[in-house]
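Fold and geometry: a report
Chain by chain, the residues:
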Amino acid sequence: MTALETIARQRAVAREHRGARRRRAYADMYSGELRELYRLRGHNPEDPHVQKLVDRGLPPVSGAATGKGAASFFLNMPADGTYVMNPGYFNQETERNDVPQQSFPFTGLGGSRMDNRVTNVGILSFIRLIFVGTLTVGGTGAVTANYQWPWNVAKRVTVQANGQTSLMQAEGMDFRARRQRLFRNPSESIVVAPATTAATGNPNPGTIANGSYPVTLVYDLPIVHDMTTLTGALFAQSDSNYLSYTIEPALQADLFTVASGGTVSLTGTFWPQLTYFDIPYIDSQQGRMVAIPDLRWLHGYIAANLPFANTGDVVTPLIKNAGQLIAFYEYIDNGGAAQISWQSAVDQFRLEYGGNRKPLVWSGPAGQGPLMGLEENERNYNGLIQPGYLVLDLENDNPQRDLIYPRGVSELQAVAKITQGTTINANARIHFVEETLFSGS
């Protein structure tokens, strides 16, 4: 071999080494994304055969029948693997949109359900509903607001995905309670309604004199758990997904006690607003693809009622789901017009599982309620969550440590110990809400 041939050979080897280093660096950049794509399609990323495909930069191959048959499902990812899950790039390139939607009339107390479709655009993160109306009181009988006024004007709000009601279904008061928990009982000046406290918007039950009163209420439907990370956001920009929400108005008897001869009516309009984020594109090893945030989790907010008629321990079995329990909210209704007070008619609140395990017990002196929990709520939220909520907040201190997986815990239940001698009215109920994060992939 001549000297020139030796030099050429050395240069060829050096080029091959540089190319190998570049290929390894390139593969390292995208191997994490490729492994995640395989995992989302049910493959084990640690399988040697999968690892070889990842090393070669090959994405998983997708194929399936296009017909959905009679089954309706929600896919919170773009179809056919045409995306890169890259929160950093998404945050850099996206644009936030706060866009008003078509207003719709309130159907009145006891009126029909109001159904609304969500526009198929972008990454949906939030729905805000502003109600503007007029309350009119008249006649000769007294009209008295109870604790459900005004927030249960929207008696039940449901967020649906492809006809499924498993995302959110709760009372208007429940959505208000989450807002108060999240923002630590902020001051209030926008909300206007008679029989409320002006500085807080909290119910202040009592008789309302004859007249016409302006009413403004704001409901936040938290599609995402966290607006910073967009955890829980929905991939709305797909013709395969049908997102909607419904509002069921309260009955007159839910909100008011009306003596003979009295009249009360509520008219108004809902003004909705969507918050969504544009979907940017990114150039990847597999070509030009859409960039999305981490959409593997959905945010659930589900309420339920448990009738009871006893004092002492009232046991509430928690809904067993496959997600992580973030927070648990509870109030005690004593037959519709009044509540059982945590501060005077409940001796203890505790969480139990496995028959005899009690990881949380809130109690206090007889007749003063579960002071430990009440004090913790007041400290965490700059005041108690009104009206009459007790909140078990599992993400307040350390979410990684304190969240509960209900499906993995046997006989998980909340127990309110109601003071002996308390009068329990007909139709008394425990009302509770479970706020969860669960897999959407």
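Residues numbered from 1 in each chain as written. Predicted model: local features only at pLDDT ≥ 70, side-chain atom pairs only at ≥ 80, totals over all residues. Heavy atoms only, no water.

1. Thoughts on the overall build of the protein chain
How we decide: Strands here are runs of E lasting at least two residues and helices are runs of H or I lasting at least four, both read from the DSSP assignment and numbered beginning at the N terminus. A simple rule labels every residue: compare its accessible area, found with a 1.4 Å probe on the protein chains alone, to the largest value its type can have, and call it buried under 20%, exposed over 50%, or partly exposed in between. Only heavy atoms enter the contact rule, under which two residues are in contact if any of them lie within 4.5 Å. Accessible surface area values rest on a Shrake-Rupley calculation with a 1.4 Å probe, where residue burial reflects the displayed protein chains alone.
A count of helices and strands for the protein chain gives seven helices and 24 strands. For the protein chain, the residues scored as buried account for 48% of the 441 residues in total. Restricting to contacts in the protein chain with at least 6 residues of sequence separation, those with at least 24 account for 79%. Carbon and sulfur atoms make up 51% of the accessible area of the protein chain, which totals about 21000 Å².

2. A few points about helix H6 (residues 371-381)
The condition that has to hold: The arc in question is traced by the directions running from the helix axis to the C-beta atoms.
Looking only at H6, the buried set comprises Gly-373, Leu-374, Asn-377, Asn-380 and Tyr-381. Seen from one end, H6 has its buried residues packed into an arc of 135 degrees, which puts them on one side. Looking at the buried residues of H6, the elements they touch are helix H4 (172-183), strand S21 (357-363) and strand S22 (390-393). Positive phi shows up at Asn-382, right after H6, with a value of about 55 degrees.

3. A short note on the sheet that holds strand S13 (residues 256-258)
Just so we agree on the cut-off: Criterion used throughout: strands pair if DSSP finds at least two bridges between them. A fitted line through C-alpha atoms represents every axis, and for helices the fit uses only the stretch in contact; the resulting angles, taken between N-to-C directions, go from 0 to 180 degrees.
One open sheet holds the three strands; their spatial order is S9-S6-S13, and the pairing between them is antiparallel. In this open sheet, the two edge strands, each paired with only one partner strand, are strand S9 (206-208) and S13. Shown here is a sheet whose adjacent strand axes are inclined to one another by a mean of 30 degrees, direction ignored. Pairing of strand S6 (residues 143-145) with S9 involves three bridges; the strand directions are antiparallel. Looking at S9, one finds that Ala-145 is bridged to Gly-206.

4. Here's the deal with the pairing of strand S23 (residues 413-418)
Counting buried positions along S23 gives five out of six residues, so the element sits mostly inside the fold. Where strand S18 (residues 312-317) meets S23, six bridges bridge the pair, whose relative direction is antiparallel. In the strand pairing of S23, Val-314 is matched with Ala-416. For strand S20 (residues 346-353) and S23, the ladder comprises six bridges, and the chain directions are antiparallel. For Phe-349, the partnering residue across the bridge sits in S23 and is Ala-416.

5. Some remarks on the confidence of the model for the protein chain
Selection rule: Confidence scores per residue from the predictor, reported as pLDDT, run from 0 to 100.
Here the protein chain averages 87 in pLDDT, while 82% of its residues score no lower than 70. Confidence over residues 61-72 falls short of pLDDT 50; this stretch has six contacts with residues more than four positions distant or in other chains.

6. Let's talk about the side chain of Glu-352
As a reminder, the rule being used: Polar contact is the term for a pair of N or O atoms within 3.5 Å; when the atoms are in protein, one must be able to donate a hydrogen and the other to accept it, and sequence-neighboring residues count only if both atoms are side-chain atoms.
Among the structural elements, Glu-352 can be located in strand S20. Residue class for Glu-352 comes out buried when judged on its relative accessible area of 10%. At a separation of 2.4 Å, a polar atom in the side chain of Glu-352 contacts the side chain of Arg-350. Glu-352 has contacts with Arg-357, Lys-358, Pro-359, Glu-411, Leu-412, Gln-413 and Val-415, leaving out every residue within four places of it along the chain.

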